[in-house]
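# Coordinate inspection notes
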Amino acid sequence: MVVSWRVLSYRIWQNQHFLKSISKEGRAFSSLAQTSQQETIPQSNDSKKKTTERSSDSLFSNYRHIYPEFLPDPNPLYRNSLREKLERNDMLARRAVITIPEFYVGSIVAVTYAEPHATGKVNRFVGICILREGCGLRASFLLRNVVDNEGVEVRYELYDPAIQKIECLRLEKRLDNKLLYLRDAPAEYSTFPFDMEPEKLPEGTPVPVNEIVITLKDQKWLEKWERQNLKGVVELMPFVSQNRRRKAAAAVTPWEKYDLMKIYRETIPQEEQEEIFSDLQMDLKQLEVKKSILKRKRTFSLPKKSV
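So, here's what we can say about the structure. (Residues numbered from 1 in each chain as written. Predicted model: local features only at pLDDT ≥ 70, side-chain atom pairs only at ≥ 80, totals over all residues. Heavy atoms only, no water.)

Moving on, we get to the overall build of the protein chain. Helices and strands together make up the secondary structure of the protein chain, namely eight helices and five strands. Written out in order from the N terminus, the α and β elements of the protein chain read α-α-α-α-α-β-β-β-β-β-α-α-α. Counting the 307 residues in the protein chain, one finds 28% classified as buried. Considering only contacts within the protein chain whose residues lie at least 6 apart along the sequence, 65% involve residues at least 24 apart. Total accessible area on the protein chain is roughly 21,700 Å²; 54% of this is exposed by carbon and sulfur atoms. (Helix = DSSP H or I, 4+ residues; strand = E, 2+ residues; numbered from the N terminus. Buried < 20%, exposed > 50% of the residue type's maximum accessible area, 1.4 Å probe, protein only. Contact = heavy atoms within 4.5 Å. Areas by Shrake-Rupley, 256 points an atom, 1.4 Å probe, with all protein chains shown as cover.)

Across the sheet, which stays open at both edges, the five strands sit in the order β4-β3-β2-β1-β5 with antiparallel pairing between neighbours. Of all the strands in the sheet, the pair left with one neighbour each is β4 (150-157) and β5 (163-170). The sheet shows a mean angle of 35 degrees between the axes of neighbouring strands, direction not considered. In this structure, strand β3 (residues 140-147) lies alongside β4, joined through eight bridges in antiparallel fashion. Along β4, the bridge assignment pairs S140 with E157. (Pairing = 2+ DSSP bridges. Axes fitted to C-alpha atoms, helices over the stretch in contact; angles between N-to-C directions.)

Enumeration according to the criterion identifies 17 salt bridges in this entry. We note a salt bridge from E84 to R79, for which the minimum N-O separation is 3.0 Å. Note that E167 is salt-bridged to R124, the shortest N-O span being 3.3 Å. One end of the pair, E167, is in strand β5; the other, R124, is in strand β2 (residues 122-133), and 43 residues separate them in sequence. Connected via shared salt-bridge partners are R79, E84, R88 and E272. (Salt bridge = Lys/Arg side-chain N within 4 Å of Asp/Glu carboxyl O.)

By size, the foremost hydrophobic cluster in this structure holds 30 residues, and its most contacted members are F70, F141, L143, L158, F277 and L284. Of all the secondary structure elements, the ones that give two or more residues to this core are α4 (60-66), α5 (81-97), β1 (108-114), β2, β3, β5 and α8 (270-296). It is α8 that provides the largest number of residues to this core, a total of five residues. Counting residues in hydrophobic clusters, the runner-up holds 24 residues, among them L179, L216, L230 and V233. (Core = buried A, V, L, I, M, F, W, Y, C linked by side-chain atoms within 4.5 Å.)

See the structure below:
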């Protein structure tokens with residue numbers, strides 16, 4: 001009897017432990033699931049006050065837009081917590097040397113790059129950011145400009161030690177997360193002067209969103225843009241053949257926005273974002289204070305001696 005009672009108690013404890021682990025995994029599964037549960041379950045006034053105070057005090061929602069490269073890769077096959085932590089330390093050390101401004105897809109950015117074959121050993125390229133991808137030290141962005149009626153695109157690694165300066169000449173967003181369709185757009189949408197002056201926004205103003213809608217060229221496109229549900233492009237169905245319309249209609253997958261597993265695999269849960277940025281909050285604040293001090297300082301240049 002004693003042995004059977006011990007076995008029975010052990011099985012009860014094991015089932016309770018299993019249920020607790022399942023509940024923990026469910027809580028940390030996805031922030032979308034949590035928001036849906038919070039919408040269905042009515043909350044008391046005290047809980048509502050706590051949630052509003054927590055959301056108002058934390059700035060992590062802004063950090064994930066300003067510093068997207070600090071978040072790990074959503075694909076679990078490329079996740080390594082030790083490597084990610086070491087990379088974040090290297091990224092903070094690099095940001096202490098060079099100022100990396102806030103910019104998004106659609107912003108006009110100028111990059112001063114050390115080029116051994118250029119005149120003066122320095123090259124400066126100005127263009128519109130059409131793509132940001134990668135995470136950690138592998139984060140990169142793609143700039144596009146039209147030079148002598150020829151489209152030029154340069155990809156830069158965000159933490160490349162050969163980059164000497166990054167300037168955001170015009171801070172704005174676009175309706176799409178990728179602007180690769182500018183390759184098939186007229187050149188006027190991708191042409192920017194290299195002597196463009198920076199446009200400064202007053203402090204505290206939100207990032208402006210450019211809601212421009214572009215018309216693509218009437219020729220063979222580099223990609224099948226009609227399948228990508230683009231918001232910054234005019235309706236493309238009248239410009240494609242009936243066969244391509246039928247294939248585009250067959251390729252539509254409206255059920256994917258309800259697939260929680262796919263959303264979870266392609267995003268980082270809110271709980272993990274808060275844990276990452278809570279460790280980096282002090283360092284990022286120190287970098288912002290140093291940046292504001294450097295802005296207020298005046299740069300004096302010594303007069304050169306005339307021969």
